[in-house]
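# An overview of the molecular structure
The chain contents come next:
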Amino acid sequence: MFKKVIVALILVFFTDFCSAQQVRPSKSSEIYRELKTLKQLPKVLYIAAHPDDENTGLLSWLINDQNVETGYLSLTRGDGGQNLLGTEQGAALGLIRTHELLEARKLDGAQQFFTRAIDFGFSKNTTDTFKQWDENSIIADVVWVIRKFRPNVIICRFPPNAAAGHGQHAASAVVAEKAFKLAGDKTAFPNQLKYVNAWQPKRVLWNTFRFGAVNTTAENQLKVTVGQYDAQLGMGYGELAGLSRSLHKSQGAGTQSVAGIKTEYFSHVIGEPAKATLFDGVTKTWTSQGSADIDQSLDKIISAFNFNNPDLSLPALLVLRKKVMALQDADLKKDKIKALDNIILSCAGFMGEVVTNQAEAVAGDSHNFKLNLISRAENPVVLENVKWLNQSENFSRKLSKDSLITIQHEIQIPADAGLTEPYWLAKSPTNTATFSVPNDTLIGLPEAESPLNVLLSLKIGSEKFQVKLPLSFKKLDPVRGDVVEALRIVPALELKFTQQLYLVKENEDLHLSLNFKVNSNKQFSNSKVNLMYNGERLGGGDLKSINGKDFTIDYVIPKTKLVSIKSNQLQLDANFVADGVTYNKKQVLIQYPHLPSLQYFAPATVTVMKGDIQSKVKKVGYVQGAGDFIPEFLRIAGIQVDVLKDEDFYGNLDESGGSQNKLSQYDAIVLGVRANNTEKKLGRWMPFLWSYVKAGGNLVMQYNTNQDTTVDQLGMYNFSIANKRVTEENAEVTFLNPNHKLLNFPNKITTDDFKGWVQERGAYFPEKWDAAYEPLFEMHDTGEEPLQGSTLYAKYGKGNFIYTPLAFFRQLPAGNVGAARLFLNFLSAQKN
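Throughout what follows, the structure given in this document is the object of discussion. Computed from a predicted model, the values in this text were never measured in an experiment.

### Side note on the overall build of the chain
Helix and strand content of the chain: 19 helices and 45 strands. A compact globule built from 832 residues should have a C-alpha radius of gyration of about 28 Å, and the chain, at 30 Å, falls within 12% of that. Considering only C-alpha atoms, the chain reaches an extent of 90 × 75 × 65 Å along its principal axes. Within the chain, the fraction of its 832 residues that count as buried is 55%. Long-range pairs, those at least 24 residues apart, make up 73% of the contacts in the chain between residues at least 6 apart in sequence. Working note: accessible area of the chain is about 35,500 Å², and carbon and sulfur atoms make up 48% of it. In the chain, the 91 positive side-chain charges and the 87 negative ones have mean positions that sit 3 Å from each other.

So this is what it looks like as structure tokens:
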């Protein structure tokens, strides 16, 4: 009877290895660190607002020097940031930044958490922030993470005031302090207590800083020396931090790897003050917790650890596992068994994967998979059973040392399998600033575990383990080598308009194309396509047959149906109905070399810009900046867009032997957002651009920052960029010269053209400029001084120069007609 009880307990606490597509052993140096971390009981939770807010130097030190389990809670996923890599904004950018954080965590070793808060863009104080965020919901999420992770010490990156530099930064400190007060209170958010216990951390500290001219450190604050050299890493913690932070590639957050020690400063916020160390008064060791035998066992294992033969530690680790299983503290036992089982499998050199050669699958389809397993331990790992989703198969097979075994099996994807997408994007947000999560227990997780797993039952010595292996796609890439990613579940059929936007002028028919991506060999019958607006069917038609191949159909919505729609911006919804099943999703697939393939699904919709939108330009040159949608928008507007290259500036020798560049052929030249930060040839090109303007050209330059600039002087006349911005997208706009040609040709611009803007008016406005410039607008956030730097115009020679940090890169993808009219006026300046 006693043996049966022990076995039952072991089964309950089998480890859940689901954080990657493969289970792979850690390196010996990593196992050694994991053993030392297993010996430590404290935990630290670092809290800030966005990806890349975290102090990676401190995280690296806590994990690798102090061997303390550490997590970073980012309130948002960075959805409102800017993207230096491509055109993704909003939810798509948040997904990219989530996985950049996960890549960073793989380097520094911290865990990653999030709340449901959406990054809605820059805010200037907590009042503005909590107008967007539901403060109580965000506090509840932070309390949930605290109760689930159970940190002893919470560290904030920012203070709750203006010194934070951003309203969302300050808000992270506000909710951290309030969550600290509530996490241990059983009457606060009682529904959480079905899944977790109340937990009271010891203290909250603020990690003070020196950011530029702002210095919040003081010599009377608690000080900690970090950055020490770690021989097992081959670098100092500051160097590791630089590598980790540089993985935020979409933000251009490349950071120096700085060698040598430095001092971190901490100011007390709430709880029991720390006088000597971060962990004053915190139970640090097993001995002080009352389990001296576990401490002694770990000391012996660590002392005897053989870096060349980590499997020699297995017998002692299996004995230790029995001691940890006997703990009375269920939460501590769960945490430490999970870590210990990971160490045991690593010491056994165990690798497992379940792979197919198909990247995508449809629910109900069957595919051939390979289960690849290997162990490198003398002490044999025994494969006892494999559960192939819903089919179980017994094996009792020893894994011979260093011998790969492959088991092939056909697996049918369950007919009710959900689509592969981030859990926070599976439902529409409850409002513009909070994600809607289908299951509250998912809150905090960077991503949900795969629901499609092969479950292995293993035996090592007398101990039993269960290991989850997600269904995966594996291919050999000629550049990257083996690529293993999650198998992506997709619908049997997807719909997608061939353009992100359509533009239709008054009294014109709307011509659009709809692409059908067929992912299944199933037969679709009795099928019909519907193009809908506000529940009204505007077009579509019946389809006779689908032969399993992708196809595109052109549709026309007559002007007679459009004329009754008063809005100048409308959203069309497409759906395909076959055999009573409705298909109305489009896949959004994001692929960058530094990330796994990322997928989510959005409704099959398209925005139509409708109304009096005039343009007088036919050909535009474009200097590529950070990814933005404007070149595509201009092409949709019927304008030829050429992305400029070196040869366009230097040209070819003419008959007289001189060099003739090609710039004069363009009605206008546009510099993409942050071109001065991303295009390193701009220094060579600027004199040619100035000459182009002087000879009668029209140059429109979008916003730049002062970070990593290529040229010091962007305009023909000087102006200086500052971190001045208008974050209220509905801020009143005053026209300083309503008769200016940029406001009257070819579109008459009124205050109506500034309605319906999204996220912000603009950022990085100039604060000083030469008298040759004429500002066009005045605007400001509530309670702040008016700013006139949103658009500067100057005549130079025979041409025009326009510098505009207005957020066209956000407004045009959103289909804002007024922003489109204004931008086309800027391009048409030389035609007036």
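### Thoughts on the pairing of strand β31 (residues 598-603)
The element β31 is extensively covered by neighbouring structure, given that five of its six residues are classed as buried. Inspection of the sheet shows strand β30 (residues 585-590) paired to β31 by six bridges, in the antiparallel sense. Looking across to β31, one finds that K585 is bridged to P603.

### Structural notes on the sheet that holds strand β38 (residues 698-702)
An order of β34-β33-β37-β38-β45-β44-β42 is seen for the seven strands of this open sheet, with the pairing classed as mixed. The open sheet terminates on both sides in strands that have one partner only, identified here as β34 (640-643) and β42 (774-775). In this sheet, strand β45 (residues 799-804) lies alongside strand β44 (residues 792-796) in antiparallel orientation, the contact comprising five bridges. Bridge pairing links Y793 to I802 in β45. Most of the contacts of helix α19 (residues 817-827) go to β38, to which it runs at about 140°, and overall it touches β33 (619-623), β37 (668-671), β38 and β45.

### Quick notes on the pattern of salt bridges
Enumeration over the complete set of coordinates arrives at 37 salt bridges. Here the residues in one salt-bridge network are K43, R150, D331 and D335, joined through shared partners.

### Structural notes on the pairing of strand β25 (residues 527-533)
Extensive coverage of β25 is indicated by the burial of six of its seven residues. What sits between β25 and strand β26 (residues 536-543) in their antiparallel hairpin is a turn of two residues, with N534 showing a positive phi close to 50°. Relative to strand β28 (residues 569-578), β25 runs antiparallel, the two sharing five bridges. Within β28, the residue paired with M532 across the bridge is D573.

### So, the nonpolar core
In terms of nonpolar packing, the biggest core is built from 56 residues, with L456 and L471 touching the most fellow members. For this core, the element with the highest residue contribution is helix α12 (residues 330-347), accounting for seven residues. The residues contacting L471, other than those within four sequence positions of it, are Q21, V354, F369, L389, I411, I413, L452, V454, A486 and L487. Counting residues in each nonpolar core, the second largest holds 50 residues, with I118, A140, Y423 and W424 among its members.

### So, the sheet that holds strand β22 (residues 493-497)
Read across the open sheet, the three strands follow the order β22-β24-β27; overall the sheet is antiparallel. Each of the sheet's edge strands pairs with one partner strand only, and the pair in question is β22 and β27 (551-557). Each strand axis lies, on average, 25° off the axis of its neighbour in the sheet, ignoring direction. Two elements, β22 and strand β24 (residues 510-518), share five bridges in a ladder whose sense is antiparallel. By the bridge assignment for β24, F497 is matched with L514.

### Regarding the packing of aromatic side chains
Tallied over the full model, the rule gives 34 aromatic pairs. Taking the centre distance of 6.1 Å and the plane angle of 80° together, the rings of F516 and F576 count as edge-to-face. Taken together, the residues F516 in strand β24 and F576 in strand β28 connect sequence positions 60 residues apart. Here F516 matches F576 in class, with each residue buried. Ring centres of Y717 and Y796 lie 5.8 Å apart, and the angle between their planes is 80°; this geometry places the pair in the edge-to-face category.

### Some points on the packing of helix α6 (residues 135-149) against helix α7 (residues 167-183)
Two elements in contact, α6 and α7, have axes separated by 9 Å at closest approach and are oriented at 60°. It follows that α6 is oblique to α7 by the angle criterion. Seen from above, α6 lies across α7 with right-handed handedness. Contact residues: α6 offers E135, I138, I139, V142, V143, I146 and R147, while α7 offers V174, V175, K178, A179, F180, L182 and A183. Looking at the contact of α6 with α7 residue by residue, the classes come out as 11 nonpolar, no polar and three charged.

### Here's the deal with helix α11 (residues 314-325)
The periodicity of an α-helix, 3.6 residues per turn, causes residues three or four positions apart to be oriented the same way. Here α11 spans 16 Å end to end across 12 residues, near enough to the 16 Å set by a 1.5 Å rise per residue. When α11 is considered as a whole, its buried residues turn out to be L314, L317, L318, L320, R321, V324 and M325. The buried residues of α11 occupy an angular sector of 160° when the element is viewed end-on, so they sit on one face.

### Examining helix α4 (residues 90-108)
Along its 19 residues, α4 runs 27 Å from first to last C-alpha, staying within 8% of the 27 Å computed at 1.5 Å per residue. Within α4, 15 of the 19 residues are buried, leaving the element largely enclosed by the surrounding structure. Looking one or two residues past α4, G109 carries a phi angle of roughly 90°, positive in sign.

### Thoughts on the packing of helix α10 (residues 292-304) against α11
Viewed as axis vectors pointing N to C, α10 and α11 meet at an angle of 165°, and their least axial separation amounts to 10 Å. The angle between α10 and α11 places the two elements in the roughly antiparallel class. The hand of the α10/α11 crossing is left-handed. Side by side, α10 and α11 meet where D293, I294, S297, L298 and I301 of the first sit next to A316, L317, L320, K323 and V324 of the second. Of the residues belonging to the contact of α10 with α11, the class tally is seven nonpolar, one polar and two charged.

### A word on the environment of G227
Along the chain, G227 falls in the loop between β8 (222-226) and β9 (229-230). For the pair formed by G227 and F551, sequence separation is 324 residues and the distance between their alpha carbons is 57 Å. With residues near it in sequence (within four places) discarded, G227 still touches W61, G236, Y237, G238, G260 and I261.

### Looking at the side chain of R810
Along the chain, R810 turns up in helix α18 (residues 808-811). A relative accessible area of 5% places R810 in the buried class. Here E760 takes part through its side chain, which lies 2.8 Å from a polar atom of the side chain of R810. Not counting residues up to four positions away in its chain, the partners in contact with R810 are G80, G81, Q82, Q89, V758, Q759 and E760.

### Thoughts on the side chain of N747
Tracing the backbone shows N747 in the loop between β40 (733-735) and β41 (762-769). Judged by its relative accessible area of 1%, N747 is buried. At a separation of 2.8 Å, a polar atom in the side chain of N747 contacts the main-chain amide nitrogen of Q614. Setting aside residues up to four positions removed in sequence, N747 forms contacts with D612, I613, Q614, R821, L824 and N825.

Basis of the calculations
Residues numbered from 1 in each chain as written. Predicted model: local features only at pLDDT ≥ 70, side-chain atom pairs only at ≥ 80, totals over all residues. Heavy atoms only, no water. Helix = DSSP H or I, 4+ residues; strand = E, 2+ residues; numbered from the N terminus. Rg over C-alpha atoms; globule rule 2.2 N^0.38 Å. Buried < 20%, exposed > 50% of the residue type's maximum accessible area, 1.4 Å probe, protein only. Contact = heavy atoms within 4.5 Å. Areas by Shrake-Rupley, 256 points an atom, 1.4 Å probe, with all protein chains shown as cover. Lys, Arg positive; Asp, Glu negative; His and termini not counted. Charge placed at Lys NZ, Arg CZ, Asp CG, Glu CD. Pairing = 2+ DSSP bridges. Axes fitted to C-alpha atoms, helices over the stretch in contact; angles between N-to-C directions. Salt bridge = Lys/Arg side-chain N within 4 Å of Asp/Glu carboxyl O. Core = buried A, V, L, I, M, F, W, Y, C linked by side-chain atoms within 4.5 Å. Phe/Tyr/Trp six-rings, centres within 6.5 Å; stacked < 30°, edge-to-face > 60°. Parallel < 35°, antiparallel > 145°, perpendicular 65-115°, else oblique. Left-handed = near helix turned anticlockwise from the far one by under 90°. Nonpolar A, V, L, I, M, F, W, Y, C, P; charged D, E, K, R; others polar. Expected span 1.5 Å × (residues − 1). Arc of directions from axis to C-beta. Polar contact = N/O pair within 3.5 Å; in protein donor to acceptor, adjacent residues only side chain to side chain.

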